[in-house]
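Remarks on the overall topology
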Amino acid sequence: MTLSEQLITIGMVVLGTMLTRFLPFLIFPPSRPVPRCIQYLGRVLPAAVFGLLVIYSLKGVSLLSGNHGLPELIAILAVVLLHLWKRQMLLSIAGGTICYMLLIQLVF
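Rules behind the numbers
- Within each chain, residue numbers correspond to sequence positions counted from 1 in written order.
- The model is predicted, so local features are restricted to residues of pLDDT at least 70 and side-chain atom pairs to those at 80 or more, both for listing and for counting; the totals for chains, interfaces and linings are taken over all residues.
- Only hydrogens and water are removed before side-chain values are computed, so all heavy atoms of the structure are retained for them.
- Segments assigned H or I by DSSP are reported as helices when at least four residues long, segments assigned E as strands when at least two residues long, and all are numbered from the N terminus.
- Computation of the radius of gyration draws on C-alpha atoms alone. For the globule rule, the value is 2.2 Å times the number of residues to the power 0.38.
- When a residue's accessible area, from a 1.4 Å probe over protein chains only, is under 20% of the maximum for its type it is buried; when over 50% it is exposed; and in between it is partly exposed.
- Should any heavy atoms of two residues lie within 4.5 Å, those residues are considered in contact.
- Here a pair means two rings of Phe, Tyr or Trp (six-membered ring of Trp) with centres within 6.5 Å. Their orientation is stacked below 30 degrees between planes, edge-to-face above 60, and tilted elsewhere.
- Criterion for a charge above a ring: Lys NZ or Arg CZ within 6 Å of the ring centre, and within 35 degrees of the ring normal.
- Known as pLDDT, the predictor's confidence for each residue is given on a scale from 0 to 100.

**Some remarks on the overall build of the protein chain**
- Secondary structure assignment for the protein chain yields four helices and zero strands.
- Sequence-ordered secondary structure for the protein chain, helices as α and strands as β, is α-α-α-α.
- Here the protein chain has a C-alpha radius of gyration of 21 Å; the compact-globule value for 108 residues is 13 Å, and the former is much larger.
- When the backbone C-alpha atoms are referred to their principal axes, the protein chain occupies close to 50 × 45 × 25 Å.
- Looking at the protein chain as a whole, 9% of its 108 residues qualify as buried.
- Contacts spanning at least 24 positions in sequence make up 41% of the contacts within the protein chain whose residues lie at least 6 apart.

As structure tokens, this is what we get:
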């Protein structure tokens, strides 16, 4: 890429980032109430995203071959137990990921 192409790319990335950061405040100013449909999406989308991530993560698991999904099951249990114990999402996700990677690399 030439220098001008690099500058244009950086400028577009900055513009896109600023637009996504400032647009919600312009569309929904504090002086007006947030529409009910946006409130609804704010309640249901986080759970839907996590459900989608779980399905995406487990789509390639074969229960009839290999280790029969045992490392995935153990990692899921680790996530659930960590979350019930500490109630910290980042700790649960990181702990489950580390548990899964250790199981794959060292055990299975």
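**Focus on the packing of aromatic side chains**
- Scanning all chains against the criterion turns up zero aromatic pairs.
- One Lys or Arg, Lys 86, reaches over the ring of Trp 85 and ends 4.6 Å from the middle of that ring.

**Some points on unusual backbone geometry**
- Although it is not a glycine, His 68 sits at a positive phi angle of roughly 60°.
- Within the fold, His 68 resides in the loop between helix H2 (36-58) and helix H3 (70-86).
- Taking relative accessible area as the criterion, His 68 reaches 47% and is therefore assigned partly exposed.
- A positive phi angle, near 55°, is found at Arg 87, a position not held by glycine.
- Looking at where Arg 87 falls in the secondary structure, it is placed in the loop between H3 and helix H4 (89-107).

**Let's talk about the environment of Leu 7**
- As for its placement among the helices and strands, Leu 7 is situated in helix H1 (residues 3-27).
- Residue Leu 7 is classed as exposed on the basis of its relative accessible area, which comes to 55%.
- Each C-alpha atom of the pair Leu 7 and Glu 72 lies 44 Å from the other, and the pair is 65 residues apart in sequence.

**Quick look at the confidence of the model for the protein chain**
- Summarising the model, the protein chain shows a mean pLDDT of 93, and 100% of its residues fall at 70 or more.
- Mean pLDDT per element in the protein chain: H2 is the minimum at 93, and H1 is the maximum at 96.

**As for the environment of Gly 96**
- As for its position among the elements, Gly 96 is in helix H4.
- Assessed through its relative accessible area of 5%, Gly 96 is described here as buried.
- Sequence separation between Gly 96 and Ile 74 is 22 residues; the distance between their C-alpha atoms is 8.6 Å.
- Residues in contact with Gly 96, not counting those within four places in the same chain, are Ala 75, Val 79 and Leu 82.

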